[in-house]
Structure formats: structure tokens, C-alpha cells
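Breakdown of the fold
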Amino acid sequence: MSLIGGGPAGLTAATYLGRLHRRVRVLDAGRSRARWIPESNNCPGFPQGISGTNLLGRMREQADSYGARFEQATVTALARAADGFEVHTAQGRRWRAPIVIIATGLCDRLPGFDHRDDAIACGALRLCPVCDAYEVTDKEVGILGLAAGPFPHARFLRGYTARLSLLPTDEAGDADDLDGIEARILPAGGRLVFDGRRCGYVVDGADRFWFDAVYPFPGCESSAHLTKAGRGDAYR
Ligand SMILES: Cc1cc2nc3c(=O)[nH]c(=O)nc-3n(C[C@H](O)[C@H](O)[C@H](O)COP(=O)(O)OP(=O)(O)OC[C@H]3O[C@@H](n4cnc5c(N)ncnc54)[C@H](O)[C@@H]3O)c2cc1C
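The residue numbering used here restarts from 1 in each chain and proceeds along that chain's sequence as written. Only residues with pLDDT of 70 or above have their local features reported here, since the model is predicted, and side-chain atom pairs are shown and tallied only from 80 upward, although totals for entire chains, interfaces and linings are computed over all residues. Derived side-chain values reflect all non-hydrogen atoms in the structure, with water molecules and hydrogen atoms excluded from consideration.

Focus: the environment of D170
Counting from the N terminus, the helices are DSSP H or I runs at least four residues long and the strands are E runs at least two residues long. Tracing the backbone through its elements, the reader meets D170 in the loop between strand 10 (164-168) and strand 11 (184-185). Put simply, D170 and G145 are 25 residues apart on the chain and 8.0 Å apart in space, counted from C-alpha to C-alpha. Residue contacts are counted whenever heavy atoms from the two residues lie within 4.5 Å of one another. Leaving out residues up to four positions away in the same chain, D170 has contacts with L146, A147 and A188.

Quick word on the site of the ligand
The local shell around the ligand holds 29 residues, among which D28, S32, N42, V75 and S223 are the closest. Within 3.5 Å is the distance limit for a polar contact, defined as a pair of N or O atoms, with the added protein rule that one can donate a hydrogen and the other accept it, and that residues adjacent in sequence qualify only through two side-chain atoms. Measuring from a nitrogen atom of the ligand, one finds a side-chain N or O atom of N42 at 2.7 Å. In this description, accessible areas are obtained by the Shrake-Rupley approach with a 1.4 Å probe, and a residue is regarded as covered only by the protein chains that are shown. For the ligand, whose accessible area on its own is 990 Å², the fraction buried by protein is 84%. Those elements giving two or more residues to the shell around the ligand turn out to be helix 1 (8-19) and strand 2 (25-28). We call a residue near a molecule or strand when any one of its heavy atoms sits within 4 Å of it.

Things to note about the state of the cysteines
We call a pair of cysteine sulfur atoms a disulfide when they lie within 2.5 Å. By the definition in use, this model includes one disulfide. At a sulfur-sulfur separation of 2.2 Å, the disulfide partner of C128 is C131. With the S-S bond torsion at 65°, the cross-link from C128 to C131 turns out right-handed. By relative accessible area, which is 17% here, C128 ends up buried. According to the relative accessible area criterion, C131 is partly exposed, its value standing at 41%. Per-residue accessibility, obtained with a 1.4 Å probe over protein chains only, is compared with the maximum for each type, and a residue is labelled buried under 20%, exposed over 50%, and partly exposed between these values.

Thoughts on the packing of aromatic side chains
Working definition: rings of Phe, Tyr and Trp (its six-membered ring) pair if their centres are within 6.5 Å, and the pair is stacked with planes under 30 degrees apart, edge-to-face with planes over 60 apart, and tilted otherwise. Going through the model one piece at a time under the given rule, you end up with one aromatic pair. Between F156 and Y160 the ring centres are 5.5 Å apart and the planes differ by 45°, which places this aromatic pair in the tilted class. Residue classification places Y160 among the partly exposed positions, given a relative accessible area of 26%.

Digging into the side chain of H88
Mapped onto the secondary structure, H88 falls in strand 5 (residues 84-89). With relative accessibility at 10%, the residue H88 sits in the buried group. Reaching out from H88, the side chain makes a polar contact with the side chain of E86 at a distance of 3.2 Å.

A closer look at the sheet that holds strand 3 (residues 69-72)
Criterion used throughout: strands pair if DSSP finds at least two bridges between them. Ordered in space as 3-2-1-7, the four strands form an open sheet in which the pairing is parallel. Either end of the sheet is taken by a strand with one partner, and the two such strands are strand 3 and strand 7 (100-102). The average undirected angle you get between the axes of adjacent strands in this sheet is 20°. Between N-to-C directions, angles span 0 to 180 degrees; the directions come from axes that are lines fitted to C-alpha atoms, helices contributing only their stretch in contact.

What to know about the pattern of salt bridges
We define a salt bridge as a contact between a side-chain nitrogen of Lys or Arg and a carboxyl oxygen of Asp or Glu at a distance within 4 Å. Under the defined criterion, the tally for this structure stands at 12 salt bridges. Here R109 and E221 are joined by a salt bridge, their closest N and O atoms 3.1 Å apart. Of this pair, R109 sits in the loop between strand 8 (107-108) and helix 3 (116-121) while E221 is found in strand 16 (residues 220-221), placing the two residues 112 residues apart along the sequence. Connected through shared salt-bridge partners, D83, E86, R94 and R96 make up one network.

And the structure:
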């Protein structure tokens, strides 16, 4: 069978399937969200924490030990075939598989600014409050996103810190949207910068506000369209 996606979900499935004596080919574009994790502290069995790349490496090694085969490939379409599915990739290769498992996760849309990836690597820019808000307890935290959008995130993060600011990317919001949650609302339309340790929010090229961590919420993309494979058709 073919398994699309080699992140934690796909690799877990590959290990289980290998141990069920199933032959599995993992087709993976190599962009697991977990690769961004500087150090995960909620992963069971790792009380000292573990980085995302280390975790992915170990999980891949485990799946490999039960016979999983790995292909670097981006699946662009699935087509139903008489005996299962035909899998099409951006690299021009095709595979047939009686069963396909889709474990493609999601892909964050990220704000663009210089050294952004370094900011993620040191935890100054964070992408998953459920995963790591504990690490910003009582710290200075910014939430970047649509003015009307960050409200549920503000509610969640307010449980960790009282030093909360909203960094709106548009003017559409209203302080009333916060529904009583205490947070500073900064002027809209600023840009993020990174000084090697912290992210700052610059407004009108002058005022600069610094944070221990900024959580951006510009949304995400996914390969969910692959699930629409219909009989005899390729869906893209
Ligand atoms: C900065 C950061 C910190 C985090 N910290 C933690 C933490 O501490 N603890 C925690 O539990 N979680 C954490 N997370 C969340 C965690 O990374 C995700 O929950 C996890 O990676 C989801 O696993 P997944 O296998 O579903 O998806 P992913 O890890 O995203 O893997 C999906 C894989 O599918 C591939 N793929 C997608 N589309 C296609 C396609 N069309 N063809 C081929 N391959 C495709 C991708 O390239 C990728 O390799 C964090 C995330 C981030 C970004």
C-alpha cells in the first residue's frame, strides 16, 4: 500500500503496518511541520525534550526497521483504478496501490521577514500554542493575525500570560471582539523583525515593540484535495 506523508502520523502508521506484515511505500515531500520544532516537551517518553528533526529521524528509523520503503515525492493527484488507486507525483512517477493512506498534515502560511526560520528555531516565533504555550508562561507574547481572528487564540494564551498583545494585520477588528479578555492592541499593519533573540513588531518604521514570543495565525494549506479521488478521474 502507499502512504502519503512522512511526518509523525505517517511514520506511526508505517511502523504499525510493517508490524502487521504489510508492505508500505511512504511517499513524502519532506516538509513535515515537525521539522520546525526546536524542542518538544510534551512528547511522551522524552522527559528532557526532543527536537522535531531528531524525533522524525527516530520514527523513520523505526518504520524502516519494519520494512517501510521511502520515496521523496510530492503527490499531485490520486485516480481511482480497478484494483485501487493510481498515485501521480510532481516528479513524473506513478505507482499503483490497492490502498492509500493520506497523512499529509498541514502547511503553515508564515509571515515573511528576514531570518524568520532562525526565529522559529530559537522559539521567538512559535506556531502552535497548544504545543508550547507552557514555555511562554508569564512572558511577553504577541499574537499576529487578522484583527477579528486572534480572539480565540487570545483567550487560550491569556491562560498562560497576562502580558499579551494583539498585532493586527488589518483594521477590521474592534476591541469589543476581545470579549473582556485583557490584551494590548497595537496599531495595525506593522511588520515583524528579529534581532537574533526576540521578535519585534515595527509600526510606521518607528515604534518597536519586543516580545519573548510571537504567534502568527495567517492560516494554513493542506493536501486535503487528494481525498477527492473519484472513480476513473484524477483530482488535482
Ligand atoms: C514550531 C512548531 C512546534 C511544534 N511543537 C510541537 C510539540 O512540542 N509537540 C507536539 O506534539 N506537536 C508540536 N507541533 C505540531 C506537530 O509538528 C504536528 O502536530 C505534527 O507534525 C503533525 O504530524 P503529521 O504527520 O500529521 O503532519 P506533518 O508533520 O506536517 O507531516 C506531513 C508530511 O506529509 C508531507 N506531504 C504533504 N502533502 C504531501 C503530498 N501532496 N505529497 C507527498 N507528501 C506530502 C509533508 O511534506 C510532510 O512531510 C509543533 C509544530 C510547529 C510548527
